[in-house]
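Chain and residue survey
Here's the letter readout for the chains.
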Amino acid sequence: MSRRKSYEEINEKIRMGEAVVLTAEEVAKMASESSPAEIVEKVDVVTTATFGPMCSSGAFINFGHTDPPIRMEEVTLNGVPAYGGVAAVDAYIGATAENPENSEYGGAHVIEELIKGEDVHLIAKAKGTDCYPRREVDTWINKDSINEAFLFNPRNAYQNYPVATNSTEQNKYTYMGILLPRHRNATFCTSGALSPLINDPQMRTIGIGTSIFLCGARGYVAWNGTQFNTSKPLNERGIPLSNAATLAVIGDLKSMSPDFIKAAVFEKYGVSIFIGLGVPIPILDEDIAYRVSVDHSEIGMTIFDYGKPVHPQVATTTYQELLSGTVEIAGRKARTAPISSLPKAREIAELLKSWISRGEFELTAPVAPLPSGTKLNGLEIRGKRS
Amino acid sequence: MKQRYILHFPLESVSKPLTTTIIRDYGIDINILRASISPERGGELLMEFDAGEEAISKGLTFLEENNVEVERFEHTVKFREEECIHCGACTAVCFTDALSISGGRKLLFDHARCVACGLCIAACPLRLFTISWNGSC
């Protein structure tokens, strides 16, 4: 019977400082000489990581009460609107919210500055009530002055992602960067064989409650991410050929490092945020050993035309080919360029590996699995209630 | 040696085949890096000259005799490298390959290949590039 390992067995080895931990790229190399059965014997944990722009991110903050107190309704942080419709002094600052007077400054910058320990200007307004009589607050906050502050990102870590190109005669300015006319370039945004959900495509070990690396701190998978879609076409390795599953993740903002979260501005698109995310995968059995052995050449990628409104598919390729610098689109060679940082993803995978090897980070089994059989609804424009 | 110049063509010089002359008669290999010129209004060419020092000097004198204003091309694209996250978004628009990140390695910036087109300024999500032209910003 083939070898199986339990979470407890692996965690015991981690506690003893005896766990064998490899990054997903290292295990892919090992797989050229070792079978999945041998990998189960040799390896306990494989670390995966990604560092890309993930617009669907933001932070909940509790500011603390003033005396007399206020029930904040309109809230801005450094001029960026935050959502104040949650109780009195809680707010959610979304990464893509922009300062109306400076479209190159947004919630992502506020979050990064809070993590760095910088002061942030809080202005809040309210109508005033008997129990919350104050109607305005104008003050400065930082991560030591506020109560809880946690990142809660509704959609991160996309399992694969479309490759973007542009067939039109004009530049297209997108969240996938600047797309030059007539398919002269193509941009891609995944960490390939290092990507968490590509290494566990059936999400056998990644589920609700999984301990992860989030922006330099310990975080958790909170839920399936929004737009979670398990109905996308798969390649022969069972990996989706385009964007599919996602993770909603949560973690303590105050413990995070500015090295692993960066505010970003995409020209004529807007503000976004680079999120550093790492997921350890326990090598419980041969199937998981096989899944984590995927290399860049075994990841199918689909190229879509962002010049047209519905983004029609124009070509297919592999992650390995995208890394080479050129890909063929419509009979011509197009320059390829990444939007997510593979070097930073490697750094995160190595850092998580060192935490686990030193016994500082144990693995958690999911408390509930992520859903299966999901697909996406579009949004119908209707004139009246049905 | 290779030297780069910005050539300002007044309206009356546009109709003359001056580029052909400097290639043929002065033996200068030229590479047009950027061009913004039309028969109705004149314009500018950014050219790289490849020849001996004397040939280039004579070629430039010939251009000046034909009312072309010659300006040595000096630009500095500054890049706050220590803040770079190596995402690679700038390489999508860099057609001289001054910026490269092939194979998932860290970003390389080869200043010698840069023609200061300025596309990287808009393409960098962290806004790490700035450019100064012939001493002015």
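Analysis parameters
The residue count restarts for each chain, going from 1 along the sequence in the order it is written. To label them, take the chains in the order written and letter them from A, then take the ligands in the order written and number them from 1. Selection of residues for local features in this predicted model requires a pLDDT of at least 70, selection of side-chain atom pairs for listing and counting requires 80 or more, and totals for whole chains, interfaces and linings are taken over all residues. For side-chain calculations, the full set of non-hydrogen atoms in the structure is used, while hydrogens and water are omitted. Any two strands between which DSSP finds at least two bridges are classified as paired. Counting from the N terminus, the helices are the DSSP runs of H or I reaching at least four residues and the strands are the DSSP runs of E reaching at least two. The term nonpolar core refers to a set of buried residues drawn from Ala, Val, Leu, Ile, Met, Phe, Trp, Tyr and Cys, joined through side-chain atoms within 4.5 Å. Whether a residue is buried, partly exposed or exposed follows from its accessible area with a 1.4 Å probe, protein chains only, as a fraction of its type maximum: under 20%, in between, or over 50%, in that order. By definition in these notes, contact holds between two residues if any of their heavy atoms fall within 4.5 Å. Any Lys or Arg side-chain nitrogen located within 4 Å of an Asp or Glu carboxyl oxygen qualifies as a salt bridge. A simple way to read buried area is as the amount of 1.4 Å-probe accessible surface that goes missing from two parts once joined, with both sides added. Any pair of nitrogen or oxygen atoms within 3.5 Å is treated as a polar contact; in protein, a donor-acceptor pairing is required on top of that, and neighbouring residues in sequence qualify only through side-chain atoms on both sides.

**Describing the pairing of strand 8 (residues 102–106) of chain A**
Residue and element names in this part refer to chain A.
- Both strand 7 (residues 98–99) and strand 8 contribute to a ladder of two bridges, which runs antiparallel. Considered in strand 8, the bridge of glutamate 98 is made with glycine 106.
- Between strand 7 and strand 8, which pair antiparallel in sequence order, lie two residues.

**Points about the nonpolar core**
- In terms of nonpolar packing, the biggest core is built from 87 residues, with Ile283(A), Ile356(A), Leu363(A), Val77(B), Leu99(B), Phe109(B) and Phe129(B) touching the most fellow members.
- When residues in this core are grouped by element, the largest group, seven residues, is from helix 8 (residues 342–357) of chain A.
- Non-local contacts of Leu99(B), meaning those with residues more than four positions away in its chain, are made with Cys90(B), Thr91(B), Cys94(B), Leu107(B), Leu108(B), Phe109(B), Cys120(B) and Phe129(B).
- In this structure, Met54(A), Phe63(A), Ala126(A) and Val249(A) belong to the second largest nonpolar core, which totals 54 residues.

**Some remarks on the pattern of salt bridges**
All names here are of chain A.
- For the coordinates displayed, the defined rule picks out 29 salt bridges over all chains.
- A salt bridge links aspartate 285 to arginine 4; its shortest N-O distance comes to 3.6 Å. Here arginine 4 lies in the segment before helix 1 (7–15) and aspartate 285 lies in the loop between strand 20 (270–282) and helix 6 (286–292), a separation of 281 residues in the sequence.
- A residue is classified by how much of its surface remains accessible, and aspartate 285, at 7% relative accessible area, is buried.
- Across the pair arginine 15 and glutamate 362 runs a salt bridge, and its minimum N-O distance is 2.8 Å. On the criterion of sequence distance, the pair formed by arginine 15 in helix 1 and glutamate 362 in the segment after helix 8 is long-range, its members being 347 residues apart.
- Of the residues examined, glutamate 362 reaches a relative accessible area of 26% and is grouped as partly exposed.

**Side note on the interface of chain B and chain A**
- In this complex, chain B contributes 24 residues to the contact, which on the side of chain A involves 25 residues.
- Taken as a group, Ile85(B), Phe95(B) and Arg127(B) account for 28% of the area that chain B buries against chain A, more than any other trio of residues on that side.
- On inspection of chain B and its partner chain A, the count reaches three salt bridges.
- Two residues, Asp97(B) and Arg335(A), come together in a salt bridge whose shortest N-O distance is 3.0 Å.
- Joining chain B to chain A, the criterion identifies eleven residue pairs in polar contact (both at pLDDT 80 or more).

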